[in-house]
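One letter stands for each residue in the lines below.
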Amino acid sequence: MSTITYPPSSSASNRDNHSAMPRYKLKRPKRANISFFKNAKNPYVKNSSFTVSHTTNVYVSSDGVSDPLKRLYDQVAQNAILNAGGRADEVKCYPGTREEVIGLMDRWMDGKDGAASNMMWLSGPAGSGKSAIVQTIAERCKQRGVQAASFFFFRADPTRCTARPLVATLLYQIFELYPPARQAVAAILSNHPLLLTASIQDQFNQLLLTPLQDIPRPVESPARRPIVLLIDGLDECNSEQKSSQRQILQALDRLVMQNGSPFLALVASRPEPHIMMTVNKLASLVKPVYLDDQYAPEKDIRVFVTGEFSNIKRSHHLAHLLSDDWPSDEDYESVVKKSSGQFIFAATVMRYLGESPASPKLSLDTSVAPLVGPLEE
């Protein structure tokens, strides 16, 4: 044991000034016997990466991202996520429209609709506004504190027209909602590195249900289950091969039916016969919502058309040439009636009038009027 004086003395004056300072005995530390690979079996180092095998395998790449999750992230379809920058089809409901349908879905998620269904199927013909409704619901989930993960299929986008990236994309969003799930999924993928190439059913069971079954319900969430899965455009997934669409529905059915499952599922698609028959065979109670006249599409389209004409009169660069009485009541009704309940028709007409460099009145009279035709008596 060695003895040192504190503070160190370098001169007589220092010794005089600090003669009353206490003396400390410090024990010289022993050299620690540390093994970096303690308890590891057959360790090896290669290309600045470490693989340590003990009870589990841990893979860490030089960029600090674990290999299992890196494989998962590589499979994420970024354009399929809410508000993704690469989505050309991103639409949402015009303010004041589709309020009855949106209210119905809010009550279903909150468990206030009087039904015990864990899955909802939103269907309707092309152009009826299904994607706009799902987009609006996804945004409302964020506003209301409902945890949700979404996937928007689109046949024209090769990154999101198949089932392959579905589970990885949903998990990417769930990791942001529940960070502990990231570690649980990484451990599963470490032991089963090919799981992301397995069937949709196996991916749902092992990567969604198993690691997330014990997720606590957020106190601030009004939803009766912690996570709502929003799947839009199911009919656009592998549209040439209907089997993928059936498998996704069946996997979702088993997912929401499991005891302790934290999931609800909302699926939107056209009412294709094979989808309808698959839904009818599911074990869970599915709440169907079909966009027909029951939900007053003509009334909502009139609200939309009226609002868009007002925007055109306010913002078009030739708006100063428009008379105060334009458009006429007949102009309004022509667009509304010819839409036949399909928002996509009205949206296309109004977008053309608003974006064309020609006078909106001229565009309506020469291009749109022949399309919509005169009102039928």
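Residues numbered from 1 in each chain as written. Predicted model: local features only at pLDDT ≥ 70, side-chain atom pairs only at ≥ 80, totals over all residues. Heavy atoms only, no water.

Within the protein one finds 13 helices and 10 strands. For the protein, with 377 residues in total, the buried portion stands at 45%. When contacts within the protein are restricted to residue pairs at least 6 apart in sequence, those whose partners lie at least 24 apart make up 72%. (Helix = DSSP H or I, 4+ residues; strand = E, 2+ residues; numbered from the N terminus. Buried < 20%, exposed > 50% of the residue type's maximum accessible area, 1.4 Å probe, protein only. Contact = heavy atoms within 4.5 Å.)

In terms of backbone geometry, most residues other than glycine have negative phi values and most peptide bonds are trans. At the junction of tryptophan 326 and proline 327, the peptide bond is cis and its omega measures out at -5° in the coordinates. Note on placement: proline 327 falls in the loop between helix H10 (297-315) and helix H11 (329-339). One non-glycine residue, arginine 98, adopts positive backbone phi at about 55°. Positionally, arginine 98 belongs in the loop between helix H2 (67-74) and helix H3 (99-110). In this structure, alanine 296 takes a positive phi of about 45° despite not being glycine.

In this structure, Leu72, Phe204, Leu207, Leu208, Ile248, Leu252 and Phe263 are the most contacted members of the largest nonpolar core, which totals 52 residues. The element contributing the most residues to this core is helix H5 (residues 166-177), with 7 residues. Counting residues in each nonpolar core, the second largest holds 26 residues, with Leu82, Leu104, Leu122 and Ala268 among its members. (Core = buried A, V, L, I, M, F, W, Y, C linked by side-chain atoms within 4.5 Å.)

This part takes up the side chain of aspartate 253. The residue aspartate 253 is located in helix H8 (residues 243-257) in this model. Buried charge without a partner: aspartate 253 forms no salt bridge, and the closest opposite charge is arginine 254, 6.0 Å away. In this structure aspartate 253 touches Met119, Leu282, Ala283 and Ser284, once residues within four positions along its chain are discounted. (Lys, Arg positive; Asp, Glu negative; His and termini not counted. Salt bridge = Lys/Arg side-chain N within 4 Å of Asp/Glu carboxyl O.)

Turning our eyes to something else, we now look at the packing of aromatic side chains. In this structure the tally under the stated criterion is 6 aromatic pairs. The interplanar angle of 90° and the centroid separation of 5.4 Å between the aromatic rings of phenylalanine 309 and tryptophan 326 together place this pair among those described as edge-to-face. On the criterion of sequence distance, the pair formed by phenylalanine 309 in helix H10 and tryptophan 326 in the loop between H10 and H11 is long-range, its members being 17 residues apart. Residue phenylalanine 309 is classed as buried on the basis of its relative accessible area of 0%. Three or more aromatic residues link up through ring pairs in this structure, and these residues are Tyr94, Phe304 and Phe343. (Phe/Tyr/Trp six-rings, centres within 6.5 Å; stacked < 30°, edge-to-face > 60°.)

Within the secondary structure, lysine 70 is located in helix H2. When the C-alpha positions of lysine 70 and alanine 186 are compared, they lie 9.4 Å apart, and in sequence the two are 116 residues distant.

This part is about the sheet that holds strand E9 (residues 263-269). With parallel pairing, the 5 strands of this open sheet are ordered in space as E7-E8-E9-E6-E10. Strands with a single pairing partner mark the edges of an open sheet, and in this sheet they are strand E7 (147-152) and strand E10 (286-290). Recorded for the sheet is a direction-independent mean angle of 15° between the axes of neighbouring strands. Set on the sheet, H8 makes contact with strand E6 (119-123), strand E8 (227-232) and E9; between it and E9 the angle comes to about 155°. (Pairing = 2+ DSSP bridges. Axes fitted to C-alpha atoms, helices over the stretch in contact; angles between N-to-C directions.)

So yeah, pure geometry; function would need other evidence.
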